[in-house]
Amino acid sequence: KKADIGLIGLAVMGENLVLNMESKGFSVAVYNRTTEKVDKFIEGRGAGKNFIGTHSIEELVGALATPRKVMMLVKAGQPVDDFIEQIIPHLDQGDIIIDGGNSYFEDTIRRTKYVEGKGFKFVGTGVSGGEIGALRGPSMMPGGSKEAWPEVKEIFQAIAAKVDDGVPCCDWVGADGAGHFVKMIHNGIEYGDMQIITEAYQFMKEVLGMSYDEMHETFKKWNKEELDSYLIEITADIMAFKDEDGEPMVEKILDTAGQKGTGKWTGIAAMHLGVPLTLIGESVFSRFLSAQLDLRAKASEVFEAPEIKFDGDKTKMLDDLKMALYGAKIISYAQGYNLLMEASKEHGWDLNYGAIALMWRGGCIIRSAFLGDINKAFDKAPDLPHLLLDSFFRDKVQAAQQGWRNVCATAISNGIPVPSLSSALSYFDGFRSKRLPANLLQAQRDYFGAHTYERVDKPRGEFFHTNWTGEGADTVSTAYNS
Ligand code: 2AM
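- An unreviewed UniProt entry lists the protein under the name 6-phosphogluconate dehydrogenase, decarboxylating, with Echinicola arenosa as the source organism.

Below is the structure:
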């Protein structure tokens, strides 16, 4: 009997994902470049289960029922292109190649065109949730050849995480690179969520002078309220975790953050599309700053920190801090969705924003109750132009802003960095401003470069130039319009 699906790449993600598929009743043919891993798997975790071990791409493809579904979970980049080349000669019309790795969405756009050009179908799917997610139910974000969706839907939705009454955290995202793009935004949002929690941690510890036990209790409490989410939950656990000597484990960890680049890609995508993705941007920069250990050590000897002065009501300040996190989180998701909307326009993806919130609602690192509220906002208004214009989030941000301002002001006067919390607040203050000081910016550009400007008392699209110094000629610059 032929297998329902084939998988290339028996590393951590691949192995757990095929075990998940098998547990849902699907038979899976497996292959890995280093073929000893195939045998090890078949004799080990795969023993006695519905797997077919194969030792070549030809054998793998030959073991599959038609239309064939060949899924790759291999290192992003060249290996994906190499495998596509190896798979294609063995395929028939209608067969499907699936890339479940962490591919860059531009690569997925290119590969979809290429594979479709050869007469086959291509799916690039984001898979989030790490090792445990892959085994028990990840969040899955598939995009690519639309005609492939009915063929893979059953398997994908069966293995995906479920929320509420069994709603799968997996739905069709859109054409070509849409799935991998949405996965990238997920990762960017994850950077932001993590960063604002670390800012709250430093504030609690240094401004409020809280102990790890107190911080543990606070995060635990927050996890039952608006901030209910996986990242708040694990942070509560981490606060309580003691090293062998009884000291808090986090105190032993070097303060230099790593990254694999997906947050950076999200920031770059925002720059390309002209979207003010400030909170995620700051969280990426904060990781870079954390990595400048030596420079920071030197600077810490040069500059004196302001003395911490806090004699206010700690309970009230903790409530304010929760509001700061909540307000900033709303901003971060609003900015992330702004980027999704611009990308959707640019690439013609026609993204379903409510469905994306549901895909992230369970299984992945950013899973939270909050995503249910985002889903509701897009249910109410599928064409909502910006999350902050939804009445629910508008009211929440209004209610959060006083506490949030208080936290930022207190942090700044005490010399505690809050780049993401404060930049999100500045964004909000800019976003709600009918008039920004960009009028001066336009004047400067016109002054030094004759870039021209539009006037408040004339229709848009009419451009003016002023001879600011009385020396310049009347020639205007048409070099840049942005
Ligand atoms: P390996 O076990 O033979 O190293 C995650 O690293 C997965 O991607 C593994 O299955 C790994 O195969 C595969 N992989 C990594 N680099 C590869 C390459 N250059 N060519 C083929 N497979 C690769």
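The rest of the description comes next.
## As for the overall build of the protein
- Of regular secondary structure, the protein possesses 19 helices and ten strands.
- Radius of gyration (C-alpha) of the protein: 26 Å, near the 23 Å computed for a compact globule of 482 residues.
- On the principal axes, the C-alpha backbone points of the protein span a range of 80 × 70 × 50 Å.
- For the protein, contacts bridging at least 24 residues in sequence account for 67% of all contacts bridging at least 6.
- For the protein, the accessible surface area stands at approximately 23,100 Å², while carbon and sulfur atoms represent 53% of it.
- Measuring between centres, the 52 positive side-chain charges of the protein sit 2 Å from its 67 negative side-chain charges.

## What about the sheet that holds strand S10 (residues 174-175)?
- Read across the open sheet, the eight strands follow the order S3-S2-S1-S4-S5-S6-S7-S10; overall the sheet is mixed. Whereas interior strands pair on both sides, the edge strands pair on one side only; in this sheet they are strand S3 (51-53) and S10.
- As defined by bridge partners, strand S1 (residues 5-8) adjoins strand S4 (residues 69-72) across three bridges and the pair is classed as parallel. By the bridge assignment, Ile8 is partnered in S4 with Met72.
- Sheet strands in contact with helix H5 (residues 105-117) are strand S5 (96-99), strand S6 (121-128) and strand S7 (139-144), and its direction is about 150 degrees off that of S6.

## As for the pairing of S6
- When you tally the buried positions in S6, you get eight out of eight residues, the bulk of the element.
- Every second residue of S6 is oriented toward a common face, with Lys121, Val123, Thr125 and Val127 on one face and Phe122, Gly124, Gly126 and Ser128 on the other, all of them buried.
- Alignment of S5 against S6, held across four bridges, turns out to be parallel. Bridge pairing links Ile97 to Phe122 in S6.
- Crossover connection from S5 via H5 to parallel S6: handedness right-handed.
- When S6 meets S7, the two strands line up antiparallel, connected through six bridges.

## Looking at helix H12 (residues 278-291)
- Spanning 14 residues, H12 covers 20 Å between terminal C-alpha atoms, matching the ideal 20 Å at 1.5 Å per step.
- Buried within H12 are the following residues: Leu279, Ile280, Gly281, Ser283, Val284, Ser286, Arg287 and Ser290.
- Structurally, H12 contributes buried residues whose contacts are with helix H8 (178-207), helix H11 (262-273), helix H13 (293-302), helix H14 (314-347) and helix H18 (419-431).

## Things to note about the confidence of the model for the protein
- Scored by pLDDT, the protein comes out at a mean of 96, with 99% of its residues at no less than 70.
- For this predicted complex, the interface confidence reaches an ipTM of 0.98, while the overall pTM sits at 0.95.

## As for empty space enclosed by the protein
- One pass over the full model with this rule turns up two cavities of 30 Å³ or more.
- Of the voids in this model, the largest cavity is the one considered here, and its volume is about 80 Å³.
- Contributing to the lining of the largest cavity are Asp193, Ile196, Ile197, Leu227, Ser229, Leu231, Ile232, Leu325 and Lys329.
- Among the elements of the structure, H8, helix H10 (230-240) and H14 are those that each provide at least two residues to the lining of the largest cavity.
- The element contributing the most residues to the lining of the largest cavity is H8, with three residues.
- In this structure, the second largest cavity occupies an estimated 40 Å³ of space.

## Comments concerning the site of the ligand
- Around the ligand, the surrounding shell consists of Gly9, Leu10, Ala11, Asn32, Arg33, Thr34, Lys37, Val74, Lys75, Pro79 and Phe83.
- Between an oxygen atom of the ligand and a side-chain N or O atom of Arg33, the distance comes to 2.9 Å.
- Bound to the protein, the ligand loses 76% of the 480 Å² it would expose on its own.
- For the ligand, the cavity whose grid points lie within 2 Å of the majority of its atoms is the second largest pocket.

## So, the side chain of Ser229
- Relative to the assigned elements, Ser229 resides in the loop between helix H9 (212-222) and H10.
- In this structure, Ser229 is in contact with Asn223, Lys329, Arg367 and Ser368, ignoring residues within four places of it in sequence.

## Looking at the environment of Gly101
- Mapped onto the fold, Gly101 is located in the loop between S5 and H5.
- With relative accessibility at 9%, the residue Gly101 sits in the buried group.
- In the structure, Gly101 is positioned 307 residues away from Cys408 in sequence and 39 Å away in space, judged by C-alpha atoms.
- Once residues within four sequence positions are removed from consideration, Gly101 is found in contact with Met72, Leu73, Val74, Thr125 and His180.

## Quick word on the packing of H8 against H11
- Relative to each other, H8 and H11 sit at 110 degrees, their axes nearing to 8 Å. The angle between H8 and H11 places the two elements in the roughly perpendicular class. Taking contact as the criterion, the partners of Phe181, Met184, Ile185, Asn187, Gly188 and Tyr191 in H8 are, on H11, Thr262, Gly263, Trp265, Thr266 and Ala269.
- Per-class residue counts for the contact of H8 with H11 are six nonpolar, five polar and no charged.

## Observations regarding the packing of aromatic side chains
- Considering all chains together, one arrives at 22 aromatic pairs under this definition.
- Ring centres of Phe105 and Phe181 lie 4.8 Å apart, and the angle between their planes is 85 degrees; on these two criteria the pair is classed as edge-to-face. With a gap of 76 residues between them, Phe105 in helix H5 and Phe181 in helix H8 connect regions that are remote in the sequence.
- Phe181 sits in the buried class, given a relative accessible area of 0%.
- A centroid spacing of 6.1 Å and a plane angle of 75 degrees characterise the contact between Tyr326 and Phe370, whose relative ring orientation is edge-to-face. Of the two residues, Tyr326 sits in helix H14 while Phe370 sits in helix H16 (residues 370-380), which places them 44 residues apart along the sequence.

Rules of the game
- Residues numbered from 1 in each chain as written.
- Predicted model: local features only at pLDDT ≥ 70, side-chain atom pairs only at ≥ 80, totals over all residues.
- Heavy atoms only, no water.
- Helix = DSSP H or I, 4+ residues; strand = E, 2+ residues; numbered from the N terminus.
- Rg over C-alpha atoms; globule rule 2.2 N^0.38 Å.
- Contact = heavy atoms within 4.5 Å.
- Areas by Shrake-Rupley, 256 points an atom, 1.4 Å probe, with all protein chains shown as cover.
- Lys, Arg positive; Asp, Glu negative; His and termini not counted.
- Charge placed at Lys NZ, Arg CZ, Asp CG, Glu CD.
- Pairing = 2+ DSSP bridges.
- Axes fitted to C-alpha atoms, helices over the stretch in contact; angles between N-to-C directions.
- Buried < 20%, exposed > 50% of the residue type's maximum accessible area, 1.4 Å probe, protein only.
- Right-handed = clockwise from strand over helix to strand, strands pointing away.
- Expected span 1.5 Å × (residues − 1).
- pLDDT = per-residue confidence, 0-100.
- 1 Å grid on protein atoms, 1.4 Å probe; cavity = no way out; pocket = protein on both sides within 12 Å on 5 of 7 lines; lining within 4 Å.
- Points joined across faces, edges and corners; volume = space filled by probe spheres on them.
- Near = heavy atom within 4 Å.
- Polar contact = N/O pair within 3.5 Å; in protein donor to acceptor, adjacent residues only side chain to side chain.
- Sits in = over half its atoms within 2 Å of the grid points.
- Parallel < 35°, antiparallel > 145°, perpendicular 65-115°, else oblique.
- Nonpolar A, V, L, I, M, F, W, Y, C, P; charged D, E, K, R; others polar.
- Phe/Tyr/Trp six-rings, centres within 6.5 Å; stacked < 30°, edge-to-face > 60°.

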